[in-house]
Amino acid sequence: MSAGGGRPHDHAAPTAAGRLPRTPGRPLRIGLGGPVGSGKTALVAALCRSLAGETRLAVVTNDIYTTEDADFLLRNGVLPAERVRAVETGCCPHTAIRDDISANLEAVEDLERSLPPLDLVLVESGGDNLTATFSHGLVHHQIFVVDVSGGDKVPRKGGPGVIASDLLVVNKTDLARQVGADLSVMARDAEEKRGDRPVRFLSLVEDPSAREVTTWVRERLAEGG
Amino acid sequence: MLADGRFPAGGHAHSGGLEAAVAAGRVRDTDGLEAFLRGRLATTGATTAAFAAAACAAFDDGTAADGRGTAADGSGTAGGGDGTAADGRGRLGALDGEFEARTPSPALRATSRRLGRQMLRAARSVRPHPGLDALAGALPGGWHQPVALGAAARALGLGPGEAASAALHDAATGPATAAVRLLGLDPFAVHAVLAGLVPELDRLAVRAAGEADTPAARLPSYGAPLLDIAAELHATWEVRLFAS
């Protein structure tokens, strides 16, 4: 799309079923949401490292304050600066990924324009709460990241991220013993809430490359567009 | 709808200078908010409203339907004598240039163009319009927000007075909402302040609409130097909640 010339969304209005269709030649967009401190940025960093050699990717971060998450990715040398865009969200991280996605769409398109061609854009939400969810106008798929130290009741509490995200990641399983979280309870409750939608348990301490989540992302990429 | 804070055109991330004013101790309570809003409305608010009204009047709402009418045509409705702007974009181009000149802060210029881009994106999705498409294509870096707002208002069937009202409403409610979030002010008290501003908003909107056909260079140039300076400082903060 030319800079500002094409009609916004004509490539990508959600279908009646609510899904954003893939457009050939344009990158897959995956959102990562979840509560504060659940490990979204660390997971994004892991995915960037795991996929870097095979996928042309870029990241949009949505910080509540300033550009902390974008800076983390840059400091850790995960991606060069031109592949990271930070969106500021005005106290309301969920608004920027759900109700008013204009700044995020602009960031995605900006990356597409400046770095063609891209295969994948990861959109990381600001840390929020269990009510956060991505608009289908912004991303094709969404991953919701919770962690065991938030309590093993989190899956039972539900919310759109826990229930309806395309992938639920239960992070920091290495801490389960210390925080008294029962992973089997979390698995059972998640299945009850999510039915067939997948859940992956993750410890970036034990598995820095986030193998299973990377595989899931690869599968989504392979679905093509 | 254009004036509704929930209209998805990116405004929610901006405080209209209020975050900087709060940090500097210039706004601490509801009274301080009212003073801030009155000052903002009388200065940048009035200027913004005049440009929104003028852009609304100048925007060719597509009856020509030749795909280039809007962005390139300044002769149709304006008659302001500045349709021959050197940049070739006619009266809207002249308005954009004059608004740029009235926005000395580089940070606020960038913010205005960003919000202008987002306004056109939202408007074109809500009401597809060849004139708006041409407008977006003519200036990929984005039109200044009041120019985009005025054009969007016209495309949605509104007139200059309504475009000015929308601009003024936005100028007041943006910082007011931010004050509720930043200072924890009583939302009822804040809306009482807004209700008290209505006569002033109406007065300014009527005045702006009356100047809709004024040559761009002679449109109001009320400024608020403190807002400009604070915006420049705000843009350098390491930690901030709002983008501006």
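Details of the structure are given in the entry above.
Note that the structure is a prediction, hence the values are computed from the model and not measured.

Engineer: Please provide a residue-by-residue account of unusual backbone geometry, values included.
Structural biologist: Residue and element names in this part refer to chain A. The linkage connecting Pro-116 with the following residue, Pro-117, adopts the cis geometry, with an omega of -5°. For Pro-117, the location among the structural elements is in the loop between α4 (102–114) and β4 (120–124). One non-glycine residue with positive phi stands out, namely Ala-210, at about 45°. You can see Ala-210 is positioned in the loop between β7 (199–201) and α9 (211–222).

Engineer: Any chance you could break down the interface of chain A and chain B for me, citing the residues and the numbers?
Structural biologist: The figure often quoted for interface size is the accessible area lost as the parts come together. Taken together, the contact between chain A and chain B spans 24 residues of the former and 27 residues of the latter. Counting across the interface, chain A meets chain B through four salt bridges. A salt bridge links Arg114(B) to Glu106(A); the nearest nitrogen and oxygen atoms lie 3.3 Å apart. For the side of chain A that touches chain B, the secondary-structure elements that each account for two or more residues are α3 (93–99) and α4 of chain A. Counting residues per element, the side of chain A that touches chain B draws most heavily on α4(A), at five residues.

Engineer: So what's going on with the environment of Gly141(B)? Which residues, and what values?
Structural biologist: Residues and elements named next belong to chain B. With respect to the secondary-structure elements, Gly-141 resides in the loop between α6 (130–138) and α7 (145–155). What makes Gly-141 partly exposed here is its relative accessible area of 43%. Gly-141 sits 28 residues away from Arg-113 along the chain, and the two C-alpha atoms are 7.1 Å apart. Residues contacting Gly-141, with those up to four places away along its chain left out, are Arg-113 and Arg-117.

Engineer: Describe the pairing of strand β2 (residues 57–63) of chain A, listing the residues and the values that go with them.
Structural biologist: Residues and elements named next belong to chain A. Across the seven residues of β2, seven count as buried, placing the element largely inside the fold. With five bridges joining them, β2 and β4 adopt parallel strand pairing. Following the sheet pairing, Leu-57 is matched in β4 by Leu-120. Inspection of the sheet shows β2 paired to strand β3 (residues 84–88) by five bridges, in the parallel sense. The residue bridging Thr-61 from the neighbouring strand is Ala-86, located in β3.

Engineer: Hey, could you go over the sheet that holds strand β1 (residues 28–33) of chain A for me, with residue numbers and the actual values?
Structural biologist: Residues and elements named next belong to chain A. Pairing is parallel in the open sheet, where seven strands are placed in the order β3-β2-β4-β1-β5-β6-β7. One side of each edge strand has no neighbouring strand; the edge strands of this open sheet are β3 and β7. With strand direction ignored, the average angle separating the axes of adjacent strands in the sheet is 20°. Here four bridges tie β1 to strand β5 (residues 141–147), and the two strands are oriented parallel to one another. In the strand pairing of β5, Gly-31 is matched with Gln-142.

Quick notes on the rules
- One numbering rule holds for all chains: residues counted from 1, following each sequence as written.
- Here the convention is simple: chains get letters from A, ligands get numbers from 1, in the order in which they are written.
- Only residues with pLDDT of at least 70 get local features here, since the model is predicted, and only at 80 or more are side-chain atom pairs given and counted; chain-wide, interface and lining totals rely on the full set of residues.
- Side-chain measures here rest on the full set of heavy atoms in the structure, leaving out hydrogens and waters.
- Counting from the N terminus, the helices are the DSSP runs of H or I reaching at least four residues and the strands are the DSSP runs of E reaching at least two.
- A contact between two residues is defined here by any heavy atoms of the two lying within 4.5 Å.
- Only one rule defines a salt bridge in this text: a Lys or Arg side-chain nitrogen within 4 Å of an Asp or Glu carboxyl oxygen.
- Throughout, exposure labels follow a simple rule: accessible area from a 1.4 Å probe, protein chains only, divided by the maximum for the residue type, with under 20% read as buried, over 50% as exposed, and the rest as partly exposed.
- Any two strands between which DSSP finds at least two bridges are classified as paired.
- What counts as an axis is a line fitted to C-alpha atoms, over the stretch in contact for a helix, and the angles between N-to-C directions run from 0 to 180 degrees.

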